[in-house]
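# Fold and contact review
Spelled out from the first residue to the last, the chains are:
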Amino acid sequence: MVQETHVSAANLIFPLFIVDGENQKTEVASMPGIYRYSIDNLLREVESCMKLGLTSFDLFPNIEEALKDKLATESHREGSLYLRAISQVKKEFPEACIITDVAMDPYSSDGHDGIVENGEILNDETLEVLGKMALAHAQSGADIIAPSDMMDGRVGYIRRVLDENGFKHVSIMSYSAKYASAFYGPFRDALNSAPKFGDKKGYQMNPANQREALIEARLDEAEGADFLMVKPALPYLDVIKLLKDSTELPIAAYNVSGEYAMIKAAIQNGWLNEQRAITEVLLSIRRAGATAILTYHAKEVLENKWL
Ligand SMILES: NCC(=O)CCC(=O)O
Ligand SMILES: [Mg+2]
């Protein structure tokens, strides 16, 4: 009766990794229990999640090195793995909510989220690529576009491209406060998408900064974002709370790969109680103010009836 916070299936978004081929299901070494699926197996995985009441998915592609280039052209090529995955999932499960990732890094031969020239990221030139990518996702059936690149001005640019092409109903979940974090390591293993040089500090946020998140959030809101995201989640619960208190937009939080790996490693060593640790993590993110949680724990908490 007096419990203030709850987590339910409706709050959860399950990130899923996609790989080319048939009948593929390969575990990510640093993320026990998380797999890369070929499209046929992806459909079966989505089906088993839907049966558990888990209906929102964020898709990420593992792209062969040979298909990567400086302009990430594979990111908007008709017939690409990612676009086929979106349209096949939507065709078989129209009631699923498909969130798509907009950023160049999985397709970039530089492993960066933007176009690189002489070791620098070209912010404004990158927007054009992001616009093409977002449009291709919407045309394939995406419900929510999630730009994770952190280029300045991309929310407004993508909103304009979507509106001009008849996709006014497609929402934008903006990675507003995405920190240059050590906790993305296992995700980059999953996608083989680590930067080939340097780091992402030129466009992602400094972990030391809290107030700057407000600037990022206000810009994204003014540019037309429908959700604001904070990423990672656990080391930034203060930022989730801050944004929650300063906007009426729904707040999403990404409980990232490194947070998942940390918990799983401790559980495998018998150092933490699995059910208690995982539910406490999710509850803390909800308590801080996130309405949506992107988490690799989404399926297991429902399968095991831990919520
Ligand atoms: N756009 C997604 C990421 O950059 C990383 C997520 C994670 O580490 O789980
Ligand atoms: Mg920004």
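Scroll up to find the structure.
The text that follows walks through the structure, step by step, so that each part is easy to find. As the structure is a computational prediction, the values presented were derived from the model and not from experiment.

The next subject is the overall build of the protein. Counting its regular elements, the protein contains ten helices and twelve strands. In terms of C-alpha radius of gyration, the protein reaches 18 Å, essentially the compact-globule figure of 19 Å for 307 residues. With the C-alpha coordinates aligned to their principal axes, the bounding extent of the protein is approximately 50 × 45 × 40 Å. Residues counted as buried form 57% of the 307 residues belonging to the protein. Within the protein, contacts between residues at least 6 apart in sequence are counted, and of these 74% link residues at least 24 apart. Carbon and sulfur atoms make up 49% of the accessible area of the protein, which totals about 13,200 Å².

Attention now goes to the site of ligand 1. Not every one of the 13 residues close to ligand 1 is listed here, only the nearest: Lys-178, Phe-187, Lys-231, Ser-257 and Tyr-296. For ligand 1, an oxygen atom lies 3.1 Å from a polar atom in the side chain of Lys-178. The contact in question runs from an oxygen atom of ligand 1 to an N or O atom on the side chain of Tyr-296, over 2.6 Å. Protein burial of ligand 1: of its 290 Å² of free accessible surface, 97% is covered by the chains. Residue composition of the shell around ligand 1, grouped by class: eight nonpolar, two polar and three charged.

Next up on the list: the environment of Asn-304. Assignment of secondary structure puts Asn-304 in the segment after helix 10 (298-303). Counting along the chain gives 29 residues from Asn-304 to Gln-275, while the straight-line C-alpha distance between them is 8.7 Å. A distance of 2.9 Å separates the side chain of Asn-304 from the backbone oxygen of Glu-300, its partner in a polar contact.

Bringing helix 9 (residues 274-288) into the picture now. Taking 1.5 Å per residue, 15 residues should reach 21 Å; helix 9 reaches 22 Å between its end C-alpha atoms and fits that length. Of all the positions in helix 9, only Ala-277, Ile-278, Thr-279, Val-281, Leu-282, Ser-284, Ile-285 and Ala-288 are classed as buried. Those residues of helix 9 that are buried are in contact with helix 7 (237-246), strand 11 (251-255), helix 8 (257-268), strand 12 (292-295) and helix 10. Sitting at the head of helix 9, Asn-273 places a side-chain oxygen 3.3 Å from the backbone nitrogen of Gln-275. Backbone geometry just downstream of helix 9 places Gly-289 in the positive-phi region, at approximately 130 degrees.

Okay, the pairing of strand 8 (residues 144-147) next. Neither face of strand 8 is left uncovered, since the one carrying Ile-144 and Ala-146 and the one carrying Ile-145 and Pro-147 both have all their residues buried. Across four bridges, the pairing between strand 5 (residues 97-102) and strand 8 is parallel. Residue pairing for strand 8: Asp-101 is matched across the bridge by Ala-146. Regarding the hand of the β-α-β motif, the stretch spanning strand 8, helix 4 (residues 154-164) and strand 9 (residues 171-178) is right-handed.

Counting 107 residues, the largest nonpolar core has Phe-17, Leu-42, Phe-57, Leu-59, Met-173, Ile-240 and Tyr-254 as the members making the most contacts within it. The element best represented in this core is helix 3 (residues 123-140), accounting for eight residues. Ignoring sequence-local partners within four residues, the contact set of Leu-42 consists of Leu-16, Ile-18, Tyr-37, Leu-59, Ala-85 and Val-89.

Right, let's talk about empty space enclosed by the protein for a bit. Scanning all chains against the criterion turns up one cavity of 30 Å³ or more. The space that makes up the largest cavity amounts to roughly 150 Å³. Residue lining of the largest cavity: 17 residues in total, with Asp-105, Lys-178, Tyr-184, Phe-187 and Lys-231 positioned closest to the centre. A class-by-class count of the residues in the lining of the largest cavity yields seven nonpolar, four polar and six charged.

Turning our eyes to something else, we now look at the packing of helix 3 against helix 4. Across the interface, helix 3 lies against helix 4 with an axial gap of 9 Å and an inter-helix angle of 45 degrees. Of the possible angle classes, the one that applies to helix 3 and helix 4 is oblique. For the pair helix 3 and helix 4, the crossing hand works out as right-handed. Contacts between helix 3 and helix 4 pair Leu-127, Glu-128, Leu-130, Gly-131, Ala-134, Leu-135 and Ala-138 from the former with Arg-154, Tyr-157, Ile-158, Val-161 and Leu-162 from the latter.

Between helix 2 (residues 81-92) and helix 3, the least distance of the axes is 8 Å, while the angle of their chain directions is 35 degrees. The handedness of the crossing between helix 2 and helix 3 is right-handed. Residues Tyr-82, Leu-83, Ile-86 and Ser-87 of helix 2 lie in contact with helix 3, whose contacting residues are Ala-136, His-137 and Ser-140. Here the contact of helix 2 with helix 3 is built from residues that sort into four nonpolar, three polar and no charged.

What counts and what doesn't
Residues numbered from 1 in each chain as written. Chains lettered and ligands numbered in written order. Predicted model: local features only at pLDDT ≥ 70, side-chain atom pairs only at ≥ 80, totals over all residues. Heavy atoms only, no water. Helix = DSSP H or I, 4+ residues; strand = E, 2+ residues; numbered from the N terminus. Rg over C-alpha atoms; globule rule 2.2 N^0.38 Å. Buried < 20%, exposed > 50% of the residue type's maximum accessible area, 1.4 Å probe, protein only. Contact = heavy atoms within 4.5 Å. Areas by Shrake-Rupley, 256 points an atom, 1.4 Å probe, with all protein chains shown as cover. Near = heavy atom within 4 Å. Polar contact = N/O pair within 3.5 Å; in protein donor to acceptor, adjacent residues only side chain to side chain. Nonpolar A, V, L, I, M, F, W, Y, C, P; charged D, E, K, R; others polar. Expected span 1.5 Å × (residues − 1). Pairing = 2+ DSSP bridges. Right-handed = clockwise from strand over helix to strand, strands pointing away. Core = buried A, V, L, I, M, F, W, Y, C linked by side-chain atoms within 4.5 Å. 1 Å grid on protein atoms, 1.4 Å probe; cavity = no way out; pocket = protein on both sides within 12 Å on 5 of 7 lines; lining within 4 Å. Points joined across faces, edges and corners; volume = space filled by probe spheres on them. Axes fitted to C-alpha atoms, helices over the stretch in contact; angles between N-to-C directions. Parallel < 35°, antiparallel > 145°, perpendicular 65-115°, else oblique. Left-handed = near helix turned anticlockwise from the far one by under 90°.

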